[in-house]
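# Results of the structural survey
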Amino acid sequence: MFTAVAVAAALSAPVPKAPAPELKWRFNKGDTFYVVSEQEATVSVNLGGGNAAAQKNTSTTSLTYKVTVADADPKATVLEVEFIDSAVGVGGNAAPPVKPEGLPGKTLTFTLDADHKVTKVDGVDGVLKAAAGGGLNGMFQGEEGIKHMLDDPLRAVPGKVLGKGDTWTAERTQSLGDGISMTRTDKGTVSGNEGGLTKLDVESDHTMEWTGNAPISLKLKGEKGKRTVLFDPKAGRVTKVTDAYTMSGDGTIGGGGNGQAINLSMEMKGTITVSDEKPKAK
């Protein structure tokens, strides 16, 4: 009788919930993984205002690289990055993408702080030279642009323990080089589970400014962009990020009091995938 009562009580007891995961990358020395980053930007420019016709252009970039964890010290994690493939396309499908022959095989060494922010990059000059030699000057806007390449997927998660329905906010300002800076404000929600992966839905606001010595003065603003992040709690790793947002604004080109009015709008779409297996060449 006692056994039957005990079994019945056990069956009727509530099943304990699985603990909420820490939504932060975990690094183990010697681990490797592959990242594929693809972006499409459509820019419309109206010079002079009024009824002037807007010029519209679409460009694409893709980048594939291998990451090896060289040191997993939480206060100064060291990641070695080796480029595998890259391409830039301008004007949609009007011309084949440009692929720099000198970039594959080039390496960078990133040092991260405890919050996984990039604090140091070694090997920048060689990578910039290889990209420029292949006609891809715009792929990396100097060292700050290279930092952004790795910073974006690493900091796509809030870096703390959160369960379903929990929310967070974050703000980042990133220099993109050549007097360009972008500020991104995220409002995220842990929306649930998808095939064993934690799904995060993020609403984002953006501002982008051209300042400094550049011959253009422009400020863009965009609201309610959408980002979705899939995170593997077992591996401690983001597996996919999809991003879509628009920005628009007004400014001038040229200085000396003779600047020309400009109106610009930009539509951005991007996907980052992370996997254990080397992606197939395209």
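One structure accompanies this document, and this report is about it. Just so it is clear, the structure is predicted and the values come from calculations on it, not from any experiment.

Let us look at the overall build of the protein chain. The number of helices and strands found in the protein chain is three helices and 11 strands. Order of helices (α) and strands (β) in the protein chain, N terminus to C terminus: α-β-β-β-β-β-α-α-β-β-β-β-β-β. By residue count, 37% of the 282 residues in the protein chain fall in the buried class. Pairs at least 24 residues apart make up 59% of the contacts formed inside the protein chain by residues separated by at least 6 positions. Approximately 15,500 Å² of the protein chain is accessible, and the part contributed by carbon and sulfur atoms is 51%.

Moving on: helix 3 (residues 142-154). The sharpest bend along helix 3 comes to roughly 25°, located at His 148. Within the sequence span of helix 3, burial applies to Gly 145, Ile 146, Lys 147, Met 149, Leu 150, Asp 151, Asp 152, Pro 153 and Leu 154.

One pass over the structure, following the stated rule, counts 14 salt bridges. Note that Arg 172 is salt-bridged to Asp 152, the shortest N-O span being 3.3 Å. With a gap of 20 residues between them, Arg 172 in strand 6 (residues 167-177) and Asp 152 in helix 3 connect regions that are remote in the sequence. For Arg 172, a relative accessible area of 14% puts it in the buried group. Here Asp 276 makes a salt bridge to Arg 237, at a shortest N to O gap of 2.6 Å. Residue Asp 276 is found in the segment after strand 11 (260-275), and its partner Arg 237 is found in strand 10 (residues 237-253); the two are separated by 39 residues along the sequence. The network of salt bridges with shared partners includes Asp 151, Asp 152, Arg 155, Arg 172, Arg 184, Asp 186, Arg 227 and Asp 243.

Take the pairing of strand 1 (residues 32-47) next. Judged from the 14 bridges that link them, strand 1 and strand 2 (residues 55-71) form a sheet pairing that is antiparallel. By the bridge assignment for strand 2, Thr 32 is matched with Thr 68. Here strand 1 runs beside strand 11; their pairing, made up of 14 bridges, is antiparallel. Note on strand 11: the bridge partner recorded for Val 36 is Thr 273.

Arg 172 sits 14 residues away from Asp 186 along the chain, and the two C-alpha atoms are 8.7 Å apart. Ignoring anything within four residues of it in the chain, the contact list for Arg 172 reads Asp 151, Asp 152, Arg 155, Met 182, Thr 183, Arg 184 and Arg 227. One polar contact links Arg 172 to Asp 152, side chain to side chain, over a distance of 3.3 Å.

Rules used throughout
Residues numbered from 1 in each chain as written. Predicted model: local features only at pLDDT ≥ 70, side-chain atom pairs only at ≥ 80, totals over all residues. Heavy atoms only, no water. Helix = DSSP H or I, 4+ residues; strand = E, 2+ residues; numbered from the N terminus. Buried < 20%, exposed > 50% of the residue type's maximum accessible area, 1.4 Å probe, protein only. Contact = heavy atoms within 4.5 Å. Areas by Shrake-Rupley, 256 points an atom, 1.4 Å probe, with all protein chains shown as cover. Bend = angle between axes of the 7 residues up to and from the residue. Salt bridge = Lys/Arg side-chain N within 4 Å of Asp/Glu carboxyl O. Pairing = 2+ DSSP bridges. Polar contact = N/O pair within 3.5 Å; in protein donor to acceptor, adjacent residues only side chain to side chain.

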